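This is what each chain is made of:
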Amino acid sequence: MKLEALVKPSVLTQPVYEPGKPIEDVARELGLDPATIIKLASNENPWGPSPKAVAAAKVALEHGELYPDGGCFKLRQKLAAVHGLGADQYIVGNGSNEIIELLGHVFLGAEDEVVFGGPAFVVYKLVTLLFGAKVVEVPLKDWRHDLDAMTRAITPRTKLVFVASPNNPTGTANGAAELAAWARALPEHVVAIFDEAYAEYLAPETAMDLRPLIAVGRKVIGLRTFSKIYGLASLRVGYGYAGAELVALLNRVRQPFNVNAIAQAAAVAALDDREFAEKCARENRAGLTQIETGLKALGLEWVPSVANFMLVKVGDGARVFGALQARGVIVRPVKVYGLPEWVRVTVGTPAQNERLLAELATATRR
Ligand SMILES: *Cc1c(COP(=O)(O)O)cnc(C)c1O
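Residues take numbers from 1 onward in each chain, read along the sequence in its written order. Local features in this predicted model are restricted to residues of pLDDT 70 or higher, and side-chain atom pairs are both shown and tallied only at a pLDDT of 80 or more, whereas totals for entire chains, interfaces and linings draw on every residue. Where side-chain values are given, they derive from all heavy atoms of the structure, hydrogens and water being excluded.

Chemist: I'd love a proper account of the overall build of the protein chain, names of residues and values included.
Modeler: A run of H or I in DSSP becomes a helix once it reaches four residues, and a run of E becomes a strand once it reaches two; helices and strands are each numbered from the N terminus. Scanning the protein chain for helices and strands turns up 14 helices and 13 strands. Within these notes, the globule rule equals 2.2 Å times the number of residues to the 0.38 power, and the radius of gyration is based on C-alpha atoms. Against the globule reference of 21 Å for 366 residues, the protein chain gives a C-alpha radius of gyration of 21 Å, in line with a compact fold. On the principal axes, the C-alpha backbone points of the protein chain span a range of 60 × 55 × 50 Å. Type-normalised accessible area, obtained with a 1.4 Å probe on protein chains alone, sets the label of each residue: buried when under 20%, exposed when over 50%, and partly exposed for intermediate values. In the protein chain, which comprises 366 residues, the share counted as buried stands at 52%. Between two residues, a contact is recorded if the distance between any of their heavy atoms is within 4.5 Å. Taking the contacts inside the protein chain whose residues are at least 6 apart along the sequence as the reference set, 73% of them involve residues at least 24 apart. With an accessible surface of roughly 17,000 Å², the protein chain has 56% of that area assigned to carbon and sulfur atoms. Asp and Glu are treated as the negative residues and Lys and Arg as the positive ones, with His and the ends of the chain left uncounted. For charged residues, the charge sits on one atom: NZ in Lys, CZ in Arg, CG in Asp, CD in Glu. Taken as two groups, the 40 positive and 39 negative side-chain charges of the protein chain have centres that lie 2 Å from each other. Each accessible area is a Shrake-Rupley result for a 1.4 Å probe, and residues are judged covered by the shown protein chains and nothing else.

Chemist: Pulling in residues and values, what's your account of helix α8 (residues 176-184)?
Modeler: Within the span of α8, buried status applies to L179, W182 and A183. Buried residues of α8, seen end-on, are gathered within an arc of 95° and therefore sit on one face of the element. Where α8 is buried, its residues contact α7 (147-152), β5 (158-164), β6 (191-195) and α9 (211-215). The directions from the helix axis to the C-beta atoms form the arc being described.

Chemist: Break down the sheet that holds β6 for me, citing the residues and quoting the values.
Modeler: Within a beta sheet, neighbouring strands are joined by backbone hydrogen bonds and run either parallel or antiparallel to one another. Paired strands are those between which DSSP finds at least two bridges. Read from one edge to the other, the open sheet built from 7 strands follows the order β2-β8-β7-β6-β5-β3-β4, with strand pairing classed as mixed. Two strands lie at the open edges of the sheet, namely β2 (90-93) and β4 (134-139), each paired on one side alone. Adjacent strand axes in the sheet meet at a mean angle of 20° when their direction is disregarded. The sheet contacts of helix α10 (residues 244-252) involve β2, β6, β7 (220-225) and β8 (238-242), and relative to β2 the element is tilted by about 30°. Here, axes are lines fitted to C-alpha atoms. For helices the fit covers the stretch in contact, and angles between N-to-C directions go from 0 to 180 degrees.

Chemist: Describe the packing of helix α3 (residues 51-61) against helix α11 (residues 261-272), with residues and values.
Modeler: The N-to-C vectors of α3 and α11 enclose an angle of 150°; their axes lie 8 Å apart at closest approach. What the angle tells us is that α3 and α11 run roughly antiparallel. For α3 against α11, the interelement crossing comes out right-handed. Each of K52, A53, A56, A57, A60 and L61 in α3 lies in contact with α11, whose residues at this interface are A261, I262, A265, A266, A269 and A270. Asp, Glu, Lys and Arg are counted as charged, while Ala, Val, Leu, Ile, Met, Phe, Trp, Tyr, Cys and Pro are counted as nonpolar; the rest, among them Gly, fall into the polar class. Class assignment for the residues of the contact of α3 with α11 results in 11 nonpolar, no polar and 1 charged. Oblique is the label for every angle not falling under 35 degrees (roughly parallel), over 145 degrees (roughly antiparallel), or within 65 to 115 degrees (roughly perpendicular). Crossing handedness: left-handed means the near helix sits turned counterclockwise from the far one by under a right angle, and right-handed means the same turn made clockwise.

Chemist: Can you explain the nonpolar core? Please cite residues and give values.
Modeler: To define a nonpolar core, start from buried Ala, Val, Leu, Ile, Met, Phe, Trp, Tyr and Cys residues and group those joined through side-chain atoms within 4.5 Å. Counting 55 residues, the largest nonpolar core has L75, W182, F194 and F226 as the members making the most contacts within it. No other element matches α11, which puts 6 residues into this core. Mapped onto the domain boundaries, this core takes at least three residues apiece from domain 1 (3-48 + 275-363) and domain 2 (51-272). Leave out the neighbours within four places in its chain, and W182 touches L147, M150, T151, V161, V163 and F194. One finds F121, F162, I193 and L250 within the second-largest nonpolar core, a separate group that totals 33 residues. Throughout, the edges of the domains are those of an automatic or database domain assignment.

Chemist: For the side chain of N258, give the residues involved together with the corresponding values.
Modeler: When you line up the elements, N258 lands in the loop between α10 and α11. Contacts described as polar in this section are N or O atom pairs within 3.5 Å, which, within protein, must combine one atom able to donate a hydrogen with one able to accept it, while residues neighboring in sequence count only if both atoms come from side chains. Of note is the side chain of N258, whose polar atom sits 3.1 Å from the backbone oxygen of V92. Among the polar contacts listed, one links the side chain of N258 to the side chain of E98, at a separation of 2.9 Å. What N258 contacts, discounting residues up to four positions off in sequence, is G70, V92, G93, N94 and E98.

None of the figures reported here should be taken as evidence of function without further support.
Set out below in structure tokens:
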């Protein structure tokens, strides 16, 4: 009997996530010196992690023989102290992606529907399909979530609705007041997930505050990550915050030691280094301006972004991606998001942005 005959049908049809290529892979494939390659493909922090987070991770590694605290007690205490809410209103995951999967475990079966924007972060679709549920993709309007159309797409079978603000791959955000009013008006039978992976890059007054909705018992959850502004993508740590009842359900379906001790220690220290995160946000705003100025000079179109990346219209996205990569600049082709004419570029250091613009000039010249 073929192995395939034993496999659940949803696994055989499951699309495969294609991550941004690691620098080492590109260096090997193209015979380039890794030191000359820059990766602006996965929205990683070009300033790295806070030195305080690195120091805390090293200390934690000294006790690598011990299992981690499965409940992430210190990190949840720290999150409660920094953001408010009770420690029992936070769940920590192996990246916020794990929490998206936990939501699938808790809520999704073959009868259910999941609503999200198109294009939006691809993991919503992958998790929906993994649990055999139905994808309901609502096209963006002017590059933003069309919240009214998303509400209209909700049926009695809808369980989950995802909104990423800022969204990936667009870098655009919906307004805080608009999002809050929309969330308040959602029907009782859906859980709304607000993916806030890039929230720390927003000006505080433009970021939505979910806490008042959580306080009145609405079925909402916010997702945040240490992978972006905190520069800890390799350690895999993110968190969700919601009512204690929802958090308890998610805890039931997670692995006992889902987040390692090194990541937990680094995350606590990262939250303590407010100055570092603020510096990264400031540098990012300057970087966005630098890239926009350069793109304007090149006559290229872009989607104005409030995140740490942006979409740039280059004509043939696959060709320009290849041409940039051959010259040691890794960006992200976004054909999988239905945007074959665009690439997504992460904001780098000023020198990296300059290099990106120079290579873009060459790669798009015809
Ligand atoms: C990068 C990103 C995440 C973060 O995922 P982690 O698993 O925490 O690394 C989540 N949502 C969106 C929209 C992202 O772009």
